[in-house]
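Fold and contact review
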Amino acid sequence: MSRNTYPRIGAQRSYPLRNGKRQKGPPCIVCGVESWCKVILETSHMRGDDEVVHACVGHKDDASALWAAFEQRQKERQP
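Structure report, in brief. None of these values were measured; they are calculated from a predicted model.

Points about the nonpolar core
One recurring pattern in soluble globular proteins: nonpolar side chains tend to sit buried together. Judged by nonpolar contacts, Ile29, Cys37, Val39, Leu41, Val53, Ala55, Leu66, Ala69 and Phe70 together constitute the single largest core of 9 residues. Breaking this core down by element, the ones donating at least two residues are strand S4 (37-42), strand S5 (50-55) and helix H1 (63-77). Other than its neighbours up to four places away in sequence, phenylalanine 70 contacts Ile29, Glu51 and Val53.

Side note on unusual backbone geometry
The phi dihedral of asparagine 19 falls on the positive side, at around 55°, and the residue is not glycine. Checked against the element boundaries, asparagine 19 lands in the loop between strand S2 (17-18) and strand S3 (21-22).

Quick notes on H1
Think of an α-helix as turning once every 3.6 residues; residues three or four places apart then point the same way. An ideal rise of 1.5 Å per residue puts 21 Å on 15 residues; H1 measures up with 21 Å between its terminal C-alpha atoms. By the burial criterion, the buried members of H1 are Ala63, Ala65, Leu66, Ala69 and Phe70. Looking straight down H1, one finds that the buried residues subtend no more than 165° of arc, so they occupy a single side. Those residues of H1 that are exposed and aimed more than 90 degrees away from the buried face are Ser64 and Lys75. Where H1 is buried, its residues meet strand S1 (8-14), S4 and S5.

Focus: the side chain of glutamate 42
Take glutamate 42: it is sitting in strand S4. Of note is the side chain of glutamate 42, whose polar atom sits 2.6 Å from the side chain of arginine 8. Once residues within four sequence positions are removed from consideration, glutamate 42 is found in contact with Tyr6, Pro7, Arg8, Gly10 and Asp50.

Cut-offs and rules
- Residues numbered from 1 in each chain as written.
- Predicted model: local features only at pLDDT ≥ 70, side-chain atom pairs only at ≥ 80, totals over all residues.
- Heavy atoms only, no water.
- Core = buried A, V, L, I, M, F, W, Y, C linked by side-chain atoms within 4.5 Å.
- Buried < 20%, exposed > 50% of the residue type's maximum accessible area, 1.4 Å probe, protein only.
- Helix = DSSP H or I, 4+ residues; strand = E, 2+ residues; numbered from the N terminus.
- Contact = heavy atoms within 4.5 Å.
- Expected span 1.5 Å × (residues − 1).
- Arc of directions from axis to C-beta.
- Polar contact = N/O pair within 3.5 Å; in protein donor to acceptor, adjacent residues only side chain to side chain.

No statement about biological role is implied by the geometric values presented.
Rendered as structure tokens:
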């Protein structure tokens, strides 16, 4: 059994530089501001149960806010 609590932040990958400037990403999943990185949310200890979301600088380390926004978006997409 895993001792970790889930959801938790996995890897964070910032967008690459182009001509010395950071590339623009899609809007942050929480606040809608331009995102700076892709964040992997680990939802359980099982491999493959991870979700990739886009986050701004302010929300990239807040797993609970990212997870709540992700769940809300999933509910809105279901018919």
